Amino acid sequence: MKVRFLNCGLMHPRLAPLFVPHLDRVPCLCLLLEEEDRLVLVDTGFGTRDVSDPTRLGRFGAWLLNPRMDVRLTAREQVKRLGYDPDRVCDIVCTHLDRDHAGGLPDFPSASVHVLREEMEAALSPRSARERERYRPCHFAHGPHWVAYDEREGEEWRGLMRIPLRGLPESLFLVPLQGHTCGHCGVLVETGEGWLLHCGDAYYVMEELREGGKAPVGVAGFRAVAHMSLPRALSRLERLRDLVGDVTLVASHDQFEYRSRFGRPLD
Ligand SMILES: [Zn+2]
């Protein structure tokens, strides 16, 4: 399976320079997986309609995240620039459905969307003001074909669970990593050269995975604000630390990982 790393969003969160300097510039790392004639996206970043109308992200969210609205960063435009017809993206696997991960779903209206059932239900029927703010109905209004999974469908894998994805290559799995949201997952790929785990927002910067787990300035505080369940998120983070060295771990918003992978600054 061919794996490409795409940055499908760039944010300059307003308060980060003051409180969380590690998160002052934030990419939205997505994967484009190619196997034979099918293309699979892992997360989408922001969508083309978000670029033309940032209020789709919610007024508070758009202000706080402060995304750079550049249509060239959207997954749809990047897929086209790579020479593919975006309609070949037949499946999208979502770590979770926050606006910076699912904003591009309407750009691939015929794609099946694979997600943990709890996440789908929270996004479609939010139960709290916080969920109503983070999940944007406009990102799901096209009525995607949902493929929802329950954790009990999974099997134990290195202290975590992994769930095979229906109708997708056997080398792809959802790995429940709840905490950031109630149905947050990692996406595990056997690339042919080893295991790659896209951890979404289960961690923000690589330092959090180091022995002892000391988070950089402000990141621990940010976690407490950003995660729906901090205890669950921290227990999953502990399991991720056990994988370091054996599995390639990537996160959505780690600008340092981005720089080393792409060999250039974010902006
Ligand atoms: Zn995020």
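Up top is the structure these notes are about.
To start, this report covers the structure provided alongside it. Small disclaimer: the values here were computed from a predicted structure and weren't measured.

What counts and how
- Note that residues are indexed from 1 along each chain, following the sequence as it is written.
- Totals for whole chains, interfaces and linings use every residue, but because this is a predicted model, local features are given only for residues with pLDDT of at least 70 and side-chain atom pairs only at 80 or more, for both listing and counting.
- The side-chain values count all of the structure's non-hydrogen atoms but skip hydrogen atoms and water molecules.
- Two strands make a pair as long as DSSP finds a minimum of two bridges between them.
- Secondary structure elements follow DSSP: runs of H or I of four or more residues count as helices, runs of E of two or more count as strands, with numbering from the N terminus.
- Under this scheme, a helix contributes an axis fitted over its contacting stretch, all axes are lines through C-alpha atoms, and angles between N-to-C directions fall in the 0 to 180 degree range.
- Contacts are residue-level and defined by heavy atoms, with any inter-residue pair within 4.5 Å sufficient.
- Put plainly, a pocket is an open set of points on a 1 Å grid over the protein atoms alone with protein on both sides within 12 Å along at least five of seven lines, a cavity is a set where a 1.4 Å probe fits but cannot get out, and a lining residue has an atom within 4 Å of a point.
- Grid points are joined across faces, edges and corners, and a volume is the space filled by probe spheres set on the points.
- Only Asp, Glu, Lys and Arg are considered charged, only Ala, Val, Leu, Ile, Met, Phe, Trp, Tyr, Cys and Pro nonpolar, and every remaining residue, Gly among them, polar.
- Only protein chains enter the accessibility calculation, which uses a 1.4 Å probe; a residue is then buried when its area is under 20% of its type maximum, exposed when over 50%, and partly exposed in between.
- It is the directions from the helix axis to the C-beta atoms that the arc portrays.
- Each metal site is built from N, O and S donor atoms within 2.8 Å (3.2 Å for Na, K and Ca), and since water is not included, such sites may look incomplete.
- Working rule for geometry: tetrahedral if four donors all subtend angles between 85 and 135 degrees; square planar for four, octahedral for six, if opposite donors exceed 155 degrees and the others stay between 65 and 115; irregular in every other situation.
- Each reported salt bridge corresponds to a side-chain nitrogen of Lys or Arg within 4 Å of a carboxyl oxygen of Asp or Glu.

### A few points about the sheet that holds strand E3 (residues 38-42)
Part 1: Ordered by their spatial adjacency, 6 strands build an open sheet running E1-E2-E3-E4-E5-E6, and the pairing between neighbours is mixed. The sheet is open, and its two borders are formed by strand E1 (2-11) and strand E6 (145-149), each paired with just one other strand. Geometrically, the sheet is characterised by an average inter-axis angle of 25° between neighbouring strands, direction not taken into account.
Part 2: Contacts from helix H6 (residues 117-124) reach strand E5 (112-116) and E6, with the element oriented near 105° to E5.
Part 3: In the packing of helix H10 (residues 255-262) onto the sheet, the strands contacted are E1 and strand E2 (26-35), and the crossing angle to E1 comes to about 130°.

### What about the layout of surface pockets?
Part 1: Considering only enclosed or pocket space, the largest pocket measures out at about 800 Å³ in volume.
Part 2: What lines the largest pocket is a set of 27 residues, among which Leu64, Leu65, Phe222, Val225 and Ala226 lie closest to the centre.
Part 3: Listed by contribution, the elements that provide at least two residues to the lining of the largest pocket are helix H1 (16-19), helix H3 (59-65), helix H5 (99-102), helix H7 (129-134) and helix H8 (219-226).
Part 4: Partitioned by chemical class, the residues of the lining of the largest pocket number 15 nonpolar, 4 polar and 8 charged.
Part 5: One number sums up the size of the second largest pocket: a volume of about 190 Å³.
Part 6: In this structure, the second largest pocket is lined by Asn7, Leu10, Arg68, Asp70, Arg72, Leu73, Gln78, Arg81, Tyr258, Phe262, Arg264 and Leu266.

### Some points on H10
Part 1: For H10, the full list of buried residues reads Gln255, Glu257 and Tyr258. End-on, the buried residues of H10 take up no more than an arc of 155°, which puts them together on one face.
Part 2: Of the surrounding secondary structure, the elements contacted by the buried residues of H10 are E1, E2 and strand E12 (248-250).
Part 3: Of the residues one or two after H10, Gly263 is the one with positive phi, at around 70°.

### Observations regarding the coordination of the zinc ion
Coordination angles at a metal have ideal targets, namely 109.5 degrees for four tetrahedral donors and 90 or 180 degrees for six octahedral donors.
Part 1: Within the protein, the zinc ion binds to Asp100 (OD), His101 (NE2), Asp201 (OD) and His253 (NE2); these donor distances fall in the range 2.1 to 2.3 Å.
Part 2: For the zinc ion, the 4 donor atoms in the first shell make angles of 83 to 163° at the metal, a pattern classed as irregular.
Part 3: Spacing between the donor residues of the zinc ion along the chain follows D-H-x99-D-x51-H.
Part 4: Of the residues examined, Asp100 reaches a relative accessible area of 8% and is grouped as buried.
Part 5: Overall, His101 belongs to the buried group, its relative accessible area being 2%.

### Some words on the pattern of salt bridges
Part 1: In total, this model carries 19 salt bridges according to the counting rule given.
Part 2: Across the salt bridge formed by Asp70 and Arg72, the nearest N and O atoms sit 2.9 Å from each other.
Part 3: Accessibility expressed as a relative area gives 17% for Asp70, which makes it buried.
Part 4: Linking Arg99 and Glu133 is a salt bridge whose minimum nitrogen-to-oxygen distance equals 2.9 Å. On the criterion of sequence distance, the pair formed by Arg99 in helix H5 and Glu133 in helix H7 is long-range, its members being 34 residues apart.

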